[in-house]
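# Chains, contacts and geometry: an overview
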Amino acid sequence: MDITSEVRKKEYNQRITHPLQAYEWGEFREKTGIKVIRRGFAPSGKASGQEKIVDGFQVTIHPIPHTPFFAGYLPKGTMPTDEMIDELKKIGKEERCIFIQLEPNIIHSQNTKYEILNTQFVPAHHPLFTKYTLVLDLTKSEEELLKNMHSKTRYNIRVAEKHGVIVKEDDSEIAFERYVQLTRETTTRQGFFAHNEKYHRLMWNTLRWQIANGKPASPAGRSQIDREKLTARLLTATYQGKILVTWIIFIFHDTIYYPYGASSNEHREVMASTLMMWETIRWGKKMGLKKFDMW
């Protein structure tokens, strides 16, 4: 089914369950030079043009170096149906894929993971995305959430508050440039690899929360959430006028996602990162969101 119209995009996003399957994420990946293929399915399996989308997916196609072949990747989709499997087979042949790796977004307790292994699928050698995530229930009261934290975490929140650390949403260019700077600082300090600067800039420019005229949202506009689109927000934790911690969070459906964060080597004693987590939780509750996915 064609899903390029605004109505179809909306229907598609309503049916998928994770930002990495969102239509907007696919648009971002296309800007990085990756081929993205999307499919939407109607109830009967054959779209008449009037039926609504009830399921869908997007798969990215990646060249395998030094070969004429490709690999497909479908992260955080729904549990594949027979119709989806047939469509993936077709895509794989058309795109000369050696394989397509699927990593469904399902609850660990579900027994369906055993059923899929009895089809044409085989277990992957290792997941490309995080194998598990933790999800916090934001419908609980602040008192209950604090009570369930480790005592040291509560203590560090109070330390940050006592030092006057301020956490706020800041989608400005200055804040984003600080995010880029702190990302380099964090990866150097902790010794891990992250996406390059171009990737982060494309992601932010594609998913950044904006109003209709394309300018950054006003404070009043930022209090609104379009739950049917994937959007990104930038949060900062500031101490003595300097940004120490930056987070980019995603908002999709009723959930906050925490994909990217960076922090300074300076003033680590003020516990700005701990307060950032707590204030993000409070921000999500204020926005009426129900879950916080730690990614």
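See the structure above.
Below: a short report on this structure. Since we're looking at a predicted model, the values are computed, not measured.

## Concerning the pattern of salt bridges
Scanning the model with the defined rule gives 15 salt bridges in all. Salt-bridge contacts for Glu228 lead to Lys10; the nearest nitrogen and oxygen are separated by 3.6 Å. Separated by 218 residues along the polypeptide, Glu228 in the loop between helix H9 (219-222) and strand S7 (231-239) and Lys10 in helix H1 (residues 6-15) bring together distant segments of the chain. Overall, the relative accessible area of 29% leaves Glu228 in the partly exposed class. Overall, Lys10 belongs to the partly exposed group, its relative accessible area being 41%. Through salt bridges with shared partners, one network takes in Glu177, Arg184, Glu197 and Arg201.

## Observations concerning H1
Within the span of H1, buried status applies to Arg8, Lys9, Glu11, Tyr12 and Asn13. Residues of H1 that are buried sit in contact with helix H2 (23-31), strand S1 (35-41), strand S2 (55-63) and strand S8 (242-252).

## Some remarks on a nonpolar patch on the surface
On the surface, Phe69, Ile98 and Phe99 cluster together into a nonpolar patch covering about 300 Å² of accessible area. Relative to the assigned elements, Phe69 resides in the loop between S2 and strand S3 (70-75). The exposure class of Phe69 is partly exposed, given its relative accessible area of 39%.

## Quick word on the sheet that holds S2
Within the open sheet, the four strands sit side by side as S1-S2-S3-S4. Their pairing is mixed. Edge positions in the open sheet fall to S1 and strand S4 (97-103), since each of these has one partner strand only. Each strand axis lies, on average, 20° off the axis of its neighbour in the sheet, ignoring direction. Here S3 runs beside S4; their pairing, made up of six bridges, is parallel. When the sheet's bridge partners are listed, Tyr73 is paired in S4 with Gln101. Contacts from helix H3 (residues 82-94) reach S1, S2, S3 and S4 within the one sheet, and its direction differs from that of S2 by about 25°.

## Some thoughts on unusual backbone geometry
Residue Lys76 is not a glycine yet carries a positive backbone phi of 60°. Residue position: Lys76 is located in the loop between S3 and H3. When its relative accessible area of 8% is taken as the criterion, Lys76 is described as buried. Phi is positive for His267, which is not a glycine, with a value near 50°. Tracing the backbone through its elements, the reader meets His267 in the loop between strand S9 (255-263) and helix H10 (272-286). On the basis of relative accessibility, which here comes to 31%, the residue His267 falls in the partly exposed class.

## Here we look at the sheet that holds strand S6 (residues 166-169)
Pairing is mixed in the open sheet, where six strands are placed in the order S5-S10-S9-S8-S7-S6. Bordering the open sheet on either side are strand S5 (135-137) and S6, each of which pairs with just one other strand. Pairwise comparison of adjacent strand axes, ignoring direction, gives a mean angle of 25° for this sheet. Pairing of S5 with strand S10 (residues 291-293), which is carried by three bridges, proceeds in the antiparallel orientation. In the sheet register, Val135 faces S10, and the bridge partner there is Asp293. Contacts from H10 reach S5, S6, S7, S8, S9 and S10, with the element oriented near 35° to S8.

## Section: the packing of aromatic side chains
Under the defined criterion, the tally for this structure stands at 12 aromatic pairs. Summarising the aromatic geometry, the rings of Phe250 and Trp295 are spaced 5.8 Å apart at their centres and angled 80° between planes, so their arrangement reads as edge-to-face. Of the two residues, Phe250 sits in strand S8 while Trp295 sits in the segment after S10, which places them 45 residues apart along the sequence. Accessibility assignment for this pair places Phe250 and Trp295 in one class, buried. Each residue in the set Trp25, Phe28, Phe129, Tyr199, Phe250, Tyr257, Tyr260 and Trp295 is aromatic and connected to the rest through ring pairs, giving one cluster. The positively charged end of Arg38 is found above the aromatic ring belonging to Tyr23, 3.9 Å away from the centroid. Here Arg233 stacks its cationic end above the ring of Trp209, 4.4 Å away from the centre of that ring.

What counts and what doesn't
- Residues numbered from 1 in each chain as written.
- Predicted model: local features only at pLDDT ≥ 70, side-chain atom pairs only at ≥ 80, totals over all residues.
- Heavy atoms only, no water.
- Salt bridge = Lys/Arg side-chain N within 4 Å of Asp/Glu carboxyl O.
- Helix = DSSP H or I, 4+ residues; strand = E, 2+ residues; numbered from the N terminus.
- Buried < 20%, exposed > 50% of the residue type's maximum accessible area, 1.4 Å probe, protein only.
- Contact = heavy atoms within 4.5 Å.
- Patch = residues over 30% accessible without salt bridge, like charges linked within 9 Å, V, L, I, M, F, W, Y side chains within 5 Å.
- Areas by Shrake-Rupley, 256 points an atom, 1.4 Å probe, with all protein chains shown as cover.
- Pairing = 2+ DSSP bridges.
- Axes fitted to C-alpha atoms, helices over the stretch in contact; angles between N-to-C directions.
- Phe/Tyr/Trp six-rings, centres within 6.5 Å; stacked < 30°, edge-to-face > 60°.
- Lys NZ or Arg CZ within 6 Å of the ring centre and 35° of its normal.

No statement about biological role is implied by the geometric values presented.
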